[in-house]
Amino acid sequence: MANITNNFAEGSCTFEPGSTQNGDVTITGPIYQGETKPKENAPNNPSDIGSPLHLSQNASKIDLIRIMNAWYECGKVVDANGGKLTKKEFFTWVGKLFNIDLTNYDKDLSNSMSSSVARDKQLQIFKELKDKHESIYQSK
């Protein structure tokens, strides 16, 4: 007989009175299935992972896309097995993390880069991040 490990949050897995390990079990709340990549045909439903994060009032979706695109292109993210995610997979998870739809991240990024938006405006978020980091570093 194998050992059973309870990896559920405390109180979320309850054995019914009189049941055995193979008997009736009630599981409540969102259940993480241990998947590191979204299923190909899974809907892009941010509530799937129940993230409490949202972009603030002074943040923009396109700035998040710019930052995450640079992060991805620099090779800063891999899946749980160390393999490279597709950009679509990566943006699906970023969208879920921030509870926003990034299904059209590529179109948004392309439109931003090919529009009349000045290069300085497109790079502003990176300057803002750099300035904030320098401020933090200098305050220590």
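Structure: see above.
Residues numbered from 1 in each chain as written. Predicted model: local features only at pLDDT ≥ 70, side-chain atom pairs only at ≥ 80, totals over all residues. Heavy atoms only, no water.

Engineer: What am I meant to see in the packing of helix 1 (residues 61-73) against helix 2 (residues 87-98) here?
Structural biologist: Between two packed helices, the angle of one axis relative to the other and the distance separating the axes together describe the packing. Put simply, helix 1 and helix 2 touch, their axes get as near as 11 Å, and they point 135° apart. The angle between the axes of helix 1 and helix 2 places the two elements in the oblique class. Helix-helix and strand crossings are classified by hand; for helix 1 and helix 2 the assignment is right-handed. Facing Leu64, Ile65, Met68, Asn69, Trp71, Tyr72 and Glu73 of helix 1, the residues of helix 2 in contact are Lys87, Phe90, Phe91, Val94 and Phe98. Split by residue class, the contact of helix 1 with helix 2 holds nine nonpolar, one polar and two charged. (Axes fitted to C-alpha atoms, helices over the stretch in contact; angles between N-to-C directions. Helix = DSSP H or I, 4+ residues; strand = E, 2+ residues; numbered from the N terminus. Parallel < 35°, antiparallel > 145°, perpendicular 65-115°, else oblique. Left-handed = near helix turned anticlockwise from the far one by under 90°. Contact = heavy atoms within 4.5 Å. Nonpolar A, V, L, I, M, F, W, Y, C, P; charged D, E, K, R; others polar.)

Engineer: What is the right way to read the nonpolar core from this model?
Structural biologist: Note that soluble globular proteins tend to have their nonpolar side chains buried in a common cluster. Within the largest apolar cluster, 14 residues are counted, with the highest numbers of intra-cluster contacts made by Leu64, Ile65, Met68, Phe90, Phe91, Val94 and Leu102. Mapped onto this core, the elements with two or more residues apiece are helix 1, helix 2 and helix 3 (105-114). (Core = buried A, V, L, I, M, F, W, Y, C linked by side-chain atoms within 4.5 Å. Buried < 20%, exposed > 50% of the residue type's maximum accessible area, 1.4 Å probe, protein only.)

Engineer: Please explain the side chain of glutamine 122 as it appears in this structure.
Structural biologist: In this fold, glutamine 122 is placed in helix 4 (residues 119-138). Here glutamine 122 falls in the buried class, since its relative accessible area comes to 12%. Not counting residues within four places of it along the chain, the set of residues in contact with glutamine 122 comprises Arg66, Ser112, Met113 and Val117.

Engineer: Help me understand the packing of aromatic side chains, please; the structure alone is not making it clear to me.
Structural biologist: The geometry of an aromatic ring pair is captured by two quantities: the separation of the ring centres and the angle between the planes. This model, assessed by the stated rule, comprises three aromatic pairs. Seen from their ring centres, phenylalanine 90 and phenylalanine 91 are 5.5 Å apart, and the 75° between their planes marks the pair as edge-to-face. Assessed through its relative accessible area of 1%, phenylalanine 91 is described here as buried. Here the aromatic rings of phenylalanine 91 and tyrosine 105 are separated by 4.2 Å at their centres, their planes lie at 5°, and the arrangement is stacked. Of this pair, phenylalanine 91 sits in helix 2 while tyrosine 105 sits in helix 3, placing them 14 residues apart in sequence. Neither phenylalanine 91 nor tyrosine 105 differs from the other in exposure class; each is buried. Feature note: the residues Tyr72, Phe90, Phe91 and Tyr105 constitute an aromatic cluster, connected by ring pairs. (Phe/Tyr/Trp six-rings, centres within 6.5 Å; stacked < 30°, edge-to-face > 60°.)

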